[in-house]
Amino acid sequence: MKTYYSFFKALILFICFAYNSILIAQNESIKLNDNHSALAYKAADSLYNNRNYVDSEKKLHSLIKTTDTKNQADILYKSYKLLGLINSSSQKLDSSSYYFKTSLEFLERSSETELEKKNISGFTKNNIALNMFNTGKTEKSIETLNDAIFELYEFISETKDKDKKNSATKKRLACIDNLAGFYRGVGENQRAIDLLTYSYEQKQKILPKDDSGLVISRLLLGHIHLIARNYNQAGAFVDKGIEYIDKIPFAKSYAYLVRASIYENIGDLDSAKRFYEMCEAVYRENFDGKYSRAFLDGLVEM
């Protein structure tokens, strides 16, 4: 099983980054006046959504050079935030953090209400915390993410807008999932289990049972219970996640991977081999028969 175990560890590194990137990409709808800068920003945003990161980044840098830093803070905080997302997607995490932090500086000078600033700042700080954790700044990442969770809590408590309250609630629970991942990364498994269990219970109150957020929670709970050697609980959560895995195809390989490792740990090697092979097949299919650079970098580090 050594080959599959190395594959397991490398893919976990990639999946964690991919999952975090998807969380990061949850962005507010953009409402800007149709002036030249706004149109340029919308074009860059469209390129980003189509995964044309290179041209999107070029357009944003050009936009920033021609934008008045004193009078167009709204455009600038959005532009720098998008640059943060692009650099995160490209795994340029230090650059990503720089852009996110610059975005927060312009956000403070923007026309957004003080309440809305908490909503935007909260999830931007989540992105910064993810970058910190993935570059080894564990203590600071936990502190920053706790700040993010508190800001989102304040927004949820004060806003009268039901749609924004619901969106911010989902974001806050995603932040809590990430915080659990941070604690898992430093070996505090019980704290991670407590956080993921709380998040899962809250999601069950507001989300349909087949929602992707709940599927992710089940897989994360299965993973942490696997690490804690609670194999029966791990298997139950992962099996429940796999029931609705078609809702989030990107997570199929992760689900099969965790299930395979559970089987391996309880000595069912035939089932483990079958799920490892399913995992690899799905992964290769998703990447056109190739491993991504993120995956290969992770494999080299083993």
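In what follows, the structure referred to is the one given above.
On a predicted model such as this, the values are computed, not experimentally measured, just so you know.

(A) Spatial organisation of the overall build of the chain. The helix and strand inventory of the chain stands at 14 helices and zero strands. In the chain, the succession of α and β elements from N to C terminus is α-α-α-α-α-α-α-α-α-α-α-α-α-α. The buried share of the chain, taken over its 302 residues, is 49%. Here the analysis covers contacts within the chain between residues at least 6 apart in sequence; of these, 61% occur between residues at least 24 apart.

(B) Representation of the packing of helix α6 (residues 114-134) against helix α7 (residues 138-158) in the model. At a minimum axis distance of 8 Å, the contact between α6 and α7 shows a crossing angle of 160°. Judged by the inter-axis angle, α6 sits roughly antiparallel to α7. Note on packing geometry: the crossing formed by α6 with α7 is left-handed.

(C) Structural detail: the packing of aromatic side chains. One pass over the structure, following the stated rule, counts eight aromatic pairs. Their ring planes at 5° and their centres at 5.6 Å tell us that tyrosine 80 and phenylalanine 106 sit as a pair that is stacked. Of this pair, tyrosine 80 sits in helix α4 (residues 73-89) while phenylalanine 106 sits in helix α5 (residues 93-108); the two residues are 26 residues apart in sequence, bridging distant segments of the chain. As far as burial versus exposure is concerned, tyrosine 80 and phenylalanine 106 are alike and both buried. Between tyrosine 256 and phenylalanine 275 the ring centres are 5.9 Å apart and the planes differ by 65°, which places this aromatic pair in the edge-to-face class. On the criterion of sequence distance, the pair formed by tyrosine 256 in helix α12 (residues 252-265) and phenylalanine 275 in helix α13 (residues 269-286) is long-range, its members being 19 residues apart. Judged by relative accessible area, tyrosine 256 falls into the buried class, the value being 11%. Exposure remark for phenylalanine 275: the relative accessible area of 10% places this residue in the buried category. Taken together through their ring pairs, the aromatic side chains of Tyr80, Tyr98, Tyr99 and Phe106 make up a single cluster. Between arginine 191 and the ring centre of tyrosine 183, over which it is positioned, the NZ or CZ distance is 4.6 Å. Above the face of the tyrosine 263 ring, arginine 259 is positioned so that its terminal group lies 4.1 Å from the ring centre.

(D) Representation of the pattern of salt bridges in the model. For the coordinates displayed, the defined rule picks out 14 salt bridges. Taking the shortest distance from any N to any O, the salt bridge between glutamate 243 and lysine 240 comes out at 4.0 Å. Of this pair, glutamate 243 and lysine 240 both sit in helix α11 (residues 231-243), three residues apart, roughly one helical turn. Judged by relative accessible area, which is 52%, glutamate 243 ranks as exposed. Judged by its relative accessible area of 34%, lysine 240 falls in the partly exposed class. For lysine 273, the salt bridge is made with glutamate 277, and the minimal N-O distance between the two is 2.4 Å. With lysine 273 and glutamate 277 both in helix α13 and four residues apart, the pair spans about one turn of that helix. Residue classification places lysine 273 among the partly exposed positions, given a relative accessible area of 39%. Classification of glutamate 277 by relative accessible area gives partly exposed; the value is 35%. One connected set of salt bridges, linked through shared partners, spans Lys118, Glu154 and Glu158.

(E) Here's a closer look at unusual backbone geometry. The residue glutamine 91 is not glycine, and still its phi comes out positive at about 65°. Mapped onto the elements, glutamine 91 comes out in the loop between α4 and α5. The phi dihedral of arginine 229 falls on the positive side, at around 65°, and the residue is not glycine. Take arginine 229: it is sitting in the loop between α10 (212-227) and α11. Relative accessible area serves as the criterion here: at 65%, arginine 229 is assigned to the exposed category.

(F) Spotlight on the nonpolar core. Ranked by size, the top nonpolar core spans 42 residues in total, and within it Leu145, Leu179, Phe182, Leu219 and Ile245 carry the most contacts. Only α6, α7, α8 (162-185), α9 (189-206), α10, α11 and α12 provide two or more residues apiece to this core. With residues up to four places along the chain from it excluded, the contact list for phenylalanine 182 reads Ala129, Leu130, Phe133, Ser141, Ile142 and Leu145. Among the nonpolar cores identified, the runner-up in size contains 25 residues, and Ala44, Tyr48, Ile86 and Met132 belong to it.

(G) Geometry of α6. Over its 21 residues, α6 extends 30 Å from the first C-alpha to the last, a length consistent with the 30 Å expected when each residue adds 1.5 Å. Among the 21 residues in α6, 15 count as buried, and that is most of the element. Just past α6, the residue glycine 136 takes up positive phi, approximately 85°.

Reading guide: rules and limits
- Residues numbered from 1 in each chain as written.
- Predicted model: local features only at pLDDT ≥ 70, side-chain atom pairs only at ≥ 80, totals over all residues.
- Heavy atoms only, no water.
- Helix = DSSP H or I, 4+ residues; strand = E, 2+ residues; numbered from the N terminus.
- Buried < 20%, exposed > 50% of the residue type's maximum accessible area, 1.4 Å probe, protein only.
- Contact = heavy atoms within 4.5 Å.
- Axes fitted to C-alpha atoms, helices over the stretch in contact; angles between N-to-C directions.
- Parallel < 35°, antiparallel > 145°, perpendicular 65-115°, else oblique.
- Left-handed = near helix turned anticlockwise from the far one by under 90°.
- Phe/Tyr/Trp six-rings, centres within 6.5 Å; stacked < 30°, edge-to-face > 60°.
- Lys NZ or Arg CZ within 6 Å of the ring centre and 35° of its normal.
- Salt bridge = Lys/Arg side-chain N within 4 Å of Asp/Glu carboxyl O.
- Core = buried A, V, L, I, M, F, W, Y, C linked by side-chain atoms within 4.5 Å.
- Expected span 1.5 Å × (residues − 1).

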